[in-house]
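Chain and residue survey
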Amino acid sequence: MPAQILRVAARACVVRGDDIDTDRIIPARFMKGITFDGLGEHAFEDDRAQAKGDHPLDKEQNRGAGILVVGRNFGCGSSREHAPQALLRWGFRAFVGGSFAEIFFGNCTSLGLPCVTLEPNDLARLMDAVEADPSQAVEIDLAAQTVTSRAGSMRCKMPEGTRKTLVEGTWNATAVLLDAGDAIEATAQRLPYVADFAA
Amino acid sequence: MSTPSPANPKTLFDKVWDAHAVRALPSGETQLFIGLHLIHEVTSPQAFAMLRDMGLRVRFPGRTFATVDHIIPTDDQSRPFSDELAEAMMTELEKNCRAQGVRFFDSASGHQGIVHVIGPEMGLTQPGMTIACGDSHTSTHGAFGAVAFGIGTSQVRDVLATQCLAMTRPKVRRIDVTGKLTPGVYAKDVILEIIRRLGVKGGVGYAYEYAGAVLEAMSLEERMTVCNMSIEGGARCGYVNPDETTVSYLRGRELAPKGAAFERAAAWWRGVASDPGASYADVVTLDGARIAPTVTFGINPGQSIAIDERVPGVMDVPDDERPGLEEALAYMELRPGQPIAGTKIDVAFIGSCTNGRISDLREAARVARTGHVARGVKALVVPGSQAVARQAEAEGLPEIFRAAGFDWREPGCSMCLAMNPDKLIGRQVCASSSNRNFKGRQGSPTGRTLLMSPVMVAAAALRGAVVDAREVL
């Protein structure tokens, strides 16, 4: 049974911009392999190379950050779980953003990485506060549904079903799905393409 | 869709979801049975490893099918592949399929191809199914009236182990494209226009039902092009209601039902279409006659304009889109007010799960016949599958492309995502029939992509610059 995830408290790092796709989070050339090992060092590789040391992940003050603060539609594009796997291996354990692409969000949940959203004004304040003082602790509380920093305590959101799986420690879905037992086969047998006209 | 309205009209999405619901989970999510699971070499090896670690086997091996597409070279597919990492991924997939009794459509089978091309052409993809694959373009299969969506590797593990997923039910938005497309306007232009209009995040939380006279008039291959890019609009899943076009596409397909079973299947398929009077969370209408050949100018598929339009400036877009537009123009080295027509290209790529099917190649060949690839332009045509390649060969298309100076390749994902030797170099600009114009997508970290229909790519290859293909058709 995976762990219950009630809160994540860590220093945070801000990567601004909307629609940051998973090709940018982990370029496809690093997906050649049969494990997720070694992906961490390549997180945002091309963006970082083009920023020449000025990318938030490369700044000294952001070293060791465990929460990534992002804009809207973060993780859009490819379904590659390599994206959250790379960020996890870099050291991130949770994400706060304007919104998240659905597949990325689901992949994070499967890994026990909460993705919570803030209202635009709150997100802007949090980004400013974290950039002004990256040394501060930021706390995501999934039970209270708040994000707390020096910018104050803000109400955050997460779909209730996902929040429950994290808080109750049922986010590794395989075990939960196996619990259905024979109901899986019974559902299959009610489907005409399984039971009747299968080729 | 012509059946009388039932007392409790439902959308296709709701009918399919309800038929596949195993149970409500304690979290409030639904445990959803997955009728068809497709796998490939990139997102499955870790899932099989996790399955082994848990001491589990594939629960329904007959409902999972494998192919190789992302890493396969398109010039020389003989084994071992010259790229050791690609060879290791291929070997791992072979090993996993053998150990778990999963059917693998490899090159020797004669059925290899891009996963979203072969599922439909083999007759595996059918109306009323739930379909999952560790690939975001799984939405393609929605063209048949299936509920089809991309998943990550941990979810591939879930499907292998249980044939189920834990899912939150999305809302359904119907997108009606009314009227008739004008000549030279294709399915690719329709979906680019939809994404331009609704945005790259407009579909988050929705399944898209594409409907209206334009969709009804489309072939299955055209509907696949539309559904394929649902995810680029943020919608994990997009579908078209099944009709007689769907039924006749499936008749005679190798793995579709046969004989009397086919007729029973067809009756069920017709019945899963959305009922008249079904309610939707949202309805959007577009006039098909107003859609023009469309080209992206930016770094996401929503940043597009009609071929006769000019590149927008920050004053032309809402405040919250300005930073994204500025970043796009800087990356693409385009100026506000500049016409997109005339933009010079270095590479032309025709292929991918969006536009690598036989009808795409036929249309592109109509253009290729009219001239020769411009000096200095590298042009590739990559069939979506071995079956597409065989059909193209039977019709003499490779000769037409070669005579015009295009490279005719073996099937695979090729330059859509560059996990194989086909890649942009440096700042090259590529006219591409694929689905993503993200920074670095085509293999060079600084490469640039202009998305458009296959016909527009072929015309750009001949001109050496973006051009309105209607001038040569």
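So, how was this worked out
- Residues numbered from 1 in each chain as written.
- Chains lettered and ligands numbered in written order.
- Predicted model: local features only at pLDDT ≥ 70, side-chain atom pairs only at ≥ 80, totals over all residues.
- Domains from an automatic or database assignment.
- Contact = placed C-beta atoms within 7 Å.
- Helix = DSSP H or I, 4+ residues; strand = E, 2+ residues; numbered from the N terminus.
- Core = buried A, V, L, I, M, F, W, Y, C linked by C-beta atoms within 7 Å.
- Buried ≥ 20, exposed ≤ 12 C-beta atoms within 10 Å, placed from the backbone.
- Nonpolar A, V, L, I, M, F, W, Y, C, P; charged D, E, K, R; others polar.
- Pairing = 2+ DSSP bridges.
- Axes fitted to C-alpha atoms, helices over the stretch in contact; angles between N-to-C directions.
- Parallel < 35°, antiparallel > 145°, perpendicular 65-115°, else oblique.
- Left-handed = near helix turned anticlockwise from the far one by under 90°.

Concerning the domain arrangement of chain B
All names here are of chain B.
- For chain B, the assigned domains are domain 1 (12–168), domain 2 (171–242 + 275–290) and domain 3 (294–471).
- For domain 1 versus domain 3, the separation of C-alpha centres amounts to 28 Å.
- Taken together, the contact pairs 21 residues of domain 1 with 21 residues of domain 3.
- Tallying contributions element by element places helix H4 (residues 115–122) first for the side of domain 1 that touches domain 3, with 4 residues.

Comments concerning the nonpolar core
- Ile67 and Val69 of chain A together with Ala348, Val457 and Ala461 of chain B are the most contacted members of the largest nonpolar core, which has 222 residues in total.
- Ranked by the residues each element gives to this core, the list is headed by helix H16 (residues 454–463) of chain B, at 8 residues.
- With residues near it in sequence (within four places) discarded, Ala348 of chain B still touches Val377, Ala379, Ala431, Val457, Ala460 and Ala461 of chain B.

A look at the interface of chain A and chain B
- Taken together, the contact pairs 55 residues of chain A with 67 residues of chain B.
- Along the lines of polarity and charge, the residues of the side of chain A that touches chain B split into 24 nonpolar, 16 polar and 15 charged.

Some points on the sheet that holds strand S17 (residues 407–408) of chain B
- Pairing in this open sheet of 5 strands is parallel, and the strands run S17-S16-S15-S18-S19 (chain B) from one edge to the other. Pairing within the sheet leaves two strands with one partner each, and these edge strands are S17 and strand S19 (448–451) of chain B.

A few points about the packing of helix H2 (residues 45–53) of chain B against helix H5 (residues 153–162) of chain B
All names here are of chain B.
- With their axes 8 Å apart at the nearest point, H2 and H5 run at an angle of 55° to one another. Here H2 is positioned oblique relative to H5, judged by the angle of their axes. Along this stretch, H2 crosses H5, giving a crossing that reads as right-handed. For the pair H2 and H5, contact is made by Gln46, Ala47, Met50 and Leu51 and by Thr153, Val156, Arg157, Leu160 and Ala161, respectively.

Some details on the pairing of strand S1 (residues 21–24) of chain B
All names here are of chain B.
- Of the strand pairs in this sheet, S1 and strand S2 (residues 30–33) are connected by 3 bridges, and their pairing is antiparallel. Paired with Arg23 across the two strands is Gln31, which belongs to S2.
- Between S1 and S2, which follow one another and run antiparallel, lie 5 residues, and Gly28 among them has a positive phi close to 100°.

Thoughts on the sheet that holds strand S11 (residues 237–240) of chain B
Residue and element names in this part refer to chain B.
- Strand order in the open sheet formed by 4 strands is S11-S10-S9-S12, and the pairing between neighbours is parallel. Each of the sheet's edge strands pairs with one partner strand only, and the pair in question is S11 and strand S12 (282–287). Between one strand axis and the next, the sheet turns through 20° on average, direction left out of account.
- Examined bridge by bridge, strand S10 (residues 206–211) and S11 share 4 bridges and lie parallel to one another. Of the residues in S11, the one forming a bridge with Tyr210 is Val240.
- Packed onto the sheet, helix H6 (residues 187–198) meets strand S9 (171–178) and S12 and runs at close to 125° relative to S12.

Focus on the pairing of strand S6 (residues 146–149) of chain A
Residues and elements named next belong to chain A.
- Residues Val147 and Ser149 line the buried face of S6, whereas the alternating positions Thr146 and Thr148 sit on a face that is not buried.
- Both strand S5 (residues 137–141) and S6 contribute to a ladder of 3 bridges, which runs antiparallel. Counterpart to Ile140 in the pairing with S6 is Val147.
- Counting the residues that bridge the hairpin from S5 to S6 gives 4 residues, and of these Gln145 lies at a positive phi of roughly 55°.
- Strand direction decides the pairing type here: S6 and strand S7 (residues 152–155), joined by 4 bridges, are antiparallel. Its bridge partner being in S7, Val147 is matched across the sheet by Met154.
- Counting the residues between successive antiparallel strands, the hairpin from S6 to S7 contains 2 residues.

Structural notes on unusual backbone geometry
- Following Arg79 of chain B, the chain continues into Pro80 of chain B via a peptide bond in cis, with omega recorded as -10°.
- Within the fold, Pro80 of chain B resides in the loop between strand S4 (64–67) and helix H3 (84–100).
- Of note, the phi angle at Asn73 of chain A is positive, near 60°, even though the residue is not glycine.
- Here Asn73 of chain A lies in the loop between strand S2 (67–70) and helix H3 (82–90).
- Residue classification places Asn73 of chain A among the buried positions, given that 27 C-beta atoms sit within 10 Å.
- A positive phi angle, near 60°, is found at Gln163 of chain B, a position not held by glycine.
- With respect to the element layout, Gln163 of chain B can be found in the loop between H5 and strand S8 (164–167).

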